[in-house]
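Secondary and tertiary structure notes
Here are the chains, one letter per residue:
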Number of protein chains: 2
Amino acid sequence: MAYKELARNKAFDGHVVKYEHASTELSCNMKFNVFLPKESQHGAVPAIYFLSGLTCTEDNFIQKSGALAEAAKHGVALIAPDTSPRGAGIEGEDDSWDFGTGAGFYLDATDPKWAKHYRMYSYITRELPALVNKELPIDGTKVSIMGHSMGGHGALTIYLKNATNYKTVSAFSPIANPVNCPWGQKAFSNYLGVDDKEAWKEYDTVELLKKLDNVKVHALVDVGTSDNFLERELKIDTLKETVAAQGQQWTIRYQDGYDHSYFFISTFIADHIQHHAQYLKQ
Amino acid sequence: MAYKELARNKAFDGHVVKYEHASTELSCNMKFNVFLPKESQHGAVPAIYFLSGLTCTEDNFIQKSGALAEAAKHGVALIAPDTSPRGAGIEGEDDSWDFGTGAGFYLDATDPKWAKHYRMYSYITRELPALVNKELPIDGTKVSIMGHSMGGHGALTIYLKNATNYKTVSAFSPIANPVNCPWGQKAFSNYLGVDDKEAWKEYDTVELLKKLDNVKVHALVDVGTSDNFLERELKIDTLKETVAAQGQQWTIRYQDGYDHSYFFISTFIADHIQHHAQYLKQ
């Protein structure tokens, strides 16, 4: 199965289309949603990848964020992948909501137990773009990336490691320093093993920022001050300090009273789409 | 339990709040969501009731419609109730997706088996407004009503039977003539019995319109031309013909290529909120 269309719904003069394909990186079938604006009927359009958080599928962002209205205004496609391989059949894969299924953490596992299937980093950076650039009216030279929570971590780390491939990046409530928080430590110790902590740093926004000597990058980050995970898991203060220490100019906004939910995302998604559109049109 | 708050999320400078209360009309506990715009911190605000379709709960509209952005712009509250009593424990209640739980059809059942609990008409028109007008910063003199599918049927019939209580009405894909479609016939024959067809007409938009001699009302109705239920269940052509025959001036729009989903609703929800806001501000 190269890829097949599972569903198509008209929305904002364009279409939301759900696809399924056999992923070679993840050794399983994967689904993803794409919003194709009406402009895509006449040629390739820019696109924003959105990486979702723990427990999500390809559906949450497309159904709940309200992003389609603003993406349609700018003629930009949205690409919403799943958050992990599905049905890999690995023992313990479905035991936790914050590890395994629904929690791929956008890395390539090296622990032998997980290494065959849990390769979301290579899936998001190589396999999925190759597929959509070939099969869909997406301009692969004009793409950017954003995400929420675990997906905010994914978007920021993937951007920092592949800045020439993406026009810009933004994140809602990202897990900014996973090597120093419970969610990240649980995931990394299982997927990457406990011995090689340098390998962990390759998937950590704060650590990657420290290595970015003389390279200026820009990002938009929003987080709610009433987010239950703010101090324990997200480490946005550490991110902000690192950005400042490295002389980077990021926009990091603490939004008063907002939490970790899609109600928060939907409130600021138009801002984020506008941020991306500005870079994608250059 | 008078009522209690189950959850509160900040959104668009206001809040989405989920409440639970013991309903006397339905003889069970019921949940509903309210979006309270920031203006509600300083006084009572106008409100739009949204009645959902088959299988929905109080969550679908609030999470998927994208309505909050536009409601916040106009300082209007949204009230999203559930679609049936819950846990009534009636035999057969959970056997179908289009009857019983999740399918109250916004009527007061008269069949003895259903009559104690299935009283969504009285719940929506009397009990819920009394509760929110008393407990929340809602201006009960400035409310309107809208809905989708079964909820479009609910909104239109409730408006036609209580036009002085609501400033206006709108509907997405309403079941416009339930006495003549399979969904309606299944529901009405069970809830109202098979003998008294005049009783059925009291909950049928087309039939209620025929009785509206010399009273002019206005409604906005959107339906997708690719809606799988358009001909068999919705009967929008019959509605349009009846509206014309009665000399009413309704706006009934066939939206090309759209289906029955929330992707359709989200595309046109801003239009509907603007329609309501115009009447609510008068």
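Residues numbered from 1 in each chain as written. Chains lettered and ligands numbered in written order. Predicted model: local features only at pLDDT ≥ 70, side-chain atom pairs only at ≥ 80, totals over all residues. Heavy atoms only, no water.

Going by what an unreviewed UniProt entry lists, chain A is known as S-formylglutathione hydrolase and is assigned to Absidia glauca. Taken verbatim from the UniProt record of chain A, the Sequence similarities (unreviewed entry) comment is "Belongs to the esterase D family." UniProt annotates chain A under Subcellular location (unreviewed entry) with the comment "Cytoplasm". (UniProt positions renumbered as here; feature names shortened; annotations may be inferred.)

Moving on to the relation of the copies chain B and chain A. Between the two copies, chain B and chain A, the superposition gives an RMSD of 0.0 Å; the rotation angle is 180° and the shift along the axis is 0.0 Å. Considering both components of the superposition, the chain copies are consistent with a two-fold axis. In this assembly, 100% of the residues forming the interface of chain B have copies in chain A that are likewise at the interface, indicating an isologous arrangement. (Least-squares fit on C-alpha atoms with pLDDT ≥ 70 in both. Contact = heavy atoms within 4.5 Å.)

Residues and elements named next belong to chain A. Summarising burial for strand E8 (residues 219–224): 6 of the 6 residues are buried, a large majority. Here strand E7 (residues 169–172) pairs with E8 via 4 bridges, running parallel. Looking across to E8, one finds that Ser170 is bridged to Leu220. Here E8 pairs with strand E9 (residues 251–255) via 5 bridges, running parallel. Each bridged residue has a counterpart across the sheet, and for Gly224 the counterpart in E9 is Gln255. (Buried < 20%, exposed > 50% of the residue type's maximum accessible area, 1.4 Å probe, protein only. Helix = DSSP H or I, 4+ residues; strand = E, 2+ residues; numbered from the N terminus. Pairing = 2+ DSSP bridges.)

With that out of the way, let us pick up the UniProt feature "active site" (unreviewed entry) in chain A. Residues and elements named next belong to chain A. UniProt tags Ser149, Asp227 and His260 as "active site" (unreviewed entry). A maximum C-alpha distance of 10.8 Å places the annotated residues, which cover 112 residues in sequence, within one compact spot. Tracing the sequence through the fold places Ser149 in the loop between strand E6 (138–148) and helix H4 (150–161). Classification of Asp227 as buried rests on a relative accessible area of 5%. If we skip the residues at most four places from it in the chain, Asp227 touches Ser173, Leu234, Tyr258, Asp259 and His260.

Let's shift gears to the interface of chain B and chain A. Across the boundary between the two partners, chain B contributes 20 residues, which contact 20 residues of chain A. Joining chain B to chain A, the criterion identifies 0 salt bridges. Our count for the chain B to chain A interface comes out at 10 residue pairs in polar contact (both at pLDDT 80 or more). Elements with a contribution of two residues or more to the side of chain B that touches chain A: strand E1 (4–11), helix H1 (60–64) and helix H10 (262–280) of chain B. When its residues are assigned to classes, the side of chain B that touches chain A shows 8 nonpolar, 6 polar and 6 charged. (Salt bridge = Lys/Arg side-chain N within 4 Å of Asp/Glu carboxyl O. Polar contact = N/O pair within 3.5 Å; in protein donor to acceptor, adjacent residues only side chain to side chain. Nonpolar A, V, L, I, M, F, W, Y, C, P; charged D, E, K, R; others polar.)

For helix H2 (residues 67–74) of chain A, every residue scored as buried is listed here: Ala67, Leu68, Glu70, Ala71 and Ala72 of chain A. At the exit of H2 of chain A stands Gly75 of chain A, carrying a positive phi of roughly 65°.

The next subject is unusual backbone geometry. All names here are of chain A. For Asp13, which is not glycine, the phi torsion reads 70° and is therefore positive. With respect to the helices and strands, Asp13 occurs in the loop between strand E1 (4–11) and strand E2 (14–23). Residue classification places Asp13 among the partly exposed positions, given a relative accessible area of 41%. A positive phi angle, close to 75°, is found at Thr55, a residue other than glycine. Here Thr55 is to be found in the loop between strand E4 (45–51) and helix H1 (60–64).

Across the sheet, 9 strands lie side by side as E1-E2-E3-E5-E4-E6-E7-E8-E9 (chain A); this open sheet has mixed pairing. Because the sheet does not close on itself, it has two edges, and the strands there are E1 and E9 of chain A. Strand after strand, the sheet turns through a mean of 20° between neighbouring axes, direction not considered. H4 of chain A contacts E4, E6, E7 and E8 of chain A of the sheet and is inclined by roughly 135° relative to E6 of chain A. Across the sheet, H10 of chain B touches E1 and E2 of chain A, and the angle it forms with E1 of chain A is around 30°. (Axes fitted to C-alpha atoms, helices over the stretch in contact; angles between N-to-C directions.)

Moving on, we come to the environment of Arg119 of chain A. Residues and elements named next belong to chain A. Its location among the elements puts Arg119 in the loop between strand E5 (77–81) and helix H3 (120–135). For Arg119, a relative accessible area of 21% puts it in the partly exposed group. Remark: the alpha-carbon pair of Arg119 and Ala244, spanning 125 residues in sequence, is separated by 32 Å. Not counting residues within four places of it along the chain, the set of residues in contact with Arg119 comprises Glu25, Leu26, Leu107, Asp108 and Arg126.

In this section: the packing of aromatic side chains. Applying the stated criterion across every chain, the model contains 34 aromatic pairs over all chains. Ring centres of Phe172 of chain A and Phe264 of chain A lie 5.8 Å apart, and the angle between their planes is 90°; on these two criteria the pair is classed as edge-to-face. Of this pair, Phe172 of chain A sits in strand E7 while Phe264 of chain A is found in helix H10 (residues 262–280), placing the two residues 92 residues apart along the sequence. Across the pair, exposure class does not vary: Phe172 of chain A and Phe264 of chain A are buried alike. Their ring planes at 75° and their centres at 5.9 Å tell us that Tyr121 of chain B and Tyr203 of chain B sit as a pair that is edge-to-face. (Phe/Tyr/Trp six-rings, centres within 6.5 Å; stacked < 30°, edge-to-face > 60°.)

Take the sheet that holds E1 of chain B next. Residues and elements named next belong to chain B. As summarised here, the arrangement of the 9 strands in space is E1-E2-E3-E5-E4-E6-E7-E8-E9, forming an open sheet in which the pairing is mixed. At either margin of the open sheet sits one strand with a lone partner, and together these are E1 and strand E9 (251–255). Averaged over neighbouring strand pairs, the angle between their axes works out to 20° when direction is ignored. Two elements, strand E2 (residues 14–23) and strand E3 (residues 28–36), share 9 bridges in a ladder whose sense is antiparallel. Bridged to Val16 within E3 is Phe35. Together, strand E8 (219–224) and E9 form the strand contacts of helix H9 (residues 236–245), whose direction differs from that of E9 by roughly 150°.

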